[in-house]
Amino acid sequence: MPEPDAGGVRSVQRAVDLLALYDAEHPSRSIRELVSATGLPKTTVVRLVHTLEQCGLLWSRGDGRTVPGTGLLRWAELARNTWQLPEEALQRLKELSEASGGETVHLYVRQQGTRVCIARHEGTRTLRHVVHVGAEMPLWSGASSHVLLSRAERADVAAVAARAQHPGWEETLWERARQAAVQGWSVSHGEREAGVSGAAAPVFDAAGRLTGAVALGGPTARFTDEAVAGFTSALVDTARALTALDCIGGTA
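Report follows, based on the coordinates. Predicted model, so just to flag it, every value in this text is computed and none were measured.

### A look at the sheet that holds strand β9 (residues 210–219)
- Spatially, the six strands line up as an open sheet ordered β6-β5-β4-β9-β8-β7, and their pairing is antiparallel. Across the chains shown, the open sheet's two edge strands, defined by having one partner strand only, are β6 (136–138) and β7 (186–189). When the angles between neighbouring strand axes are averaged without regard to direction, this sheet yields 35°.
- Pairing of strand β4 (residues 104–111) with strand β5 (residues 114–121) involves seven bridges; the strand directions are antiparallel. Bridge pairing in β5 links Val-109 to Val-116.
- Sitting on the sheet, helix α5 (residues 87–99) is in contact with β4, β5 and β9, with an inclination near 85° to β5.

### Digging into the pairing of strand β3 (residues 65–68)
- Examined bridge by bridge, strand β1 (residues 29–30) and β3 share two bridges and lie antiparallel to one another. Each bridged residue has a counterpart across the sheet, and for Arg-29 the counterpart in β3 is Thr-66.
- Two elements, strand β2 (residues 58–60) and β3, share three bridges in a ladder whose sense is antiparallel. Its bridge partner lying in β3, Leu-58 is registered against Pro-68.

### Examining the sheet that holds β1
- Taken in spatial order, the three strands make up an open sheet running β1-β3-β2, and their pairing is antiparallel. Single-partner strands in this sheet number two, and they are β1 and β2.
- Against the sheet, helix α3 (residues 42–54) makes contact with β2 and β3, and its axis sits at roughly 105° relative to β2, the strand it touches most.

The rules behind each value
- Residues numbered from 1 in each chain as written.
- Predicted model: local features only at pLDDT ≥ 70, side-chain atom pairs only at ≥ 80, totals over all residues.
- Heavy atoms only, no water.
- Pairing = 2+ DSSP bridges.
- Helix = DSSP H or I, 4+ residues; strand = E, 2+ residues; numbered from the N terminus.
- Axes fitted to C-alpha atoms, helices over the stretch in contact; angles between N-to-C directions.
- Contact = heavy atoms within 4.5 Å.

So, in structure tokens, the structure goes:
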């Protein structure tokens, strides 16, 4: 690729990385904070901020801090409309939570080396595992990851496993992804965090492509073999119902 193209791609990536620094904990940023967080020269950060301001993606306040720009409002609305599940799908998540005795239900899709929560139904148990909608979780761990990798090639799984906190994780992750492909669901215990367990099943689109994983999550003490066996049927049935609705990523 010619150098100008490579430079253009690098600039786009830097701009995206800069925007990613704004979150619920950091709704505004100063130039100094952006320089510190990115490690880029101040002149580069100022240039990126100016370009993003021109595009409406950032807004400079009078106090010297920048916030997400008004141009993102249109994209936010579009994203909400695209990823909001229909009421029938949300009802299925609620029913699965009830069938499991009140565990929290999440729906994940794969985004490169992560899995992103696009919907949830919060359980009724006092001690529960909750992942916020939009949150990114590592793809190398958890029952949902096994399911999302169940049709992946070995090299893809190896690349994901390389990010794991466990040495020699590639073989383990590959075996669990293969097992999820064979039995149509998966369960995990403490892969990312001790004391947290999950069970997941795959969701497909009308063309038979794997699009998501619907999952139950909670404390390991409640995810005994007996408990998992008791709600596996409901979990798989929910995944099939979501497959029939074919609503992940919108319908337009």
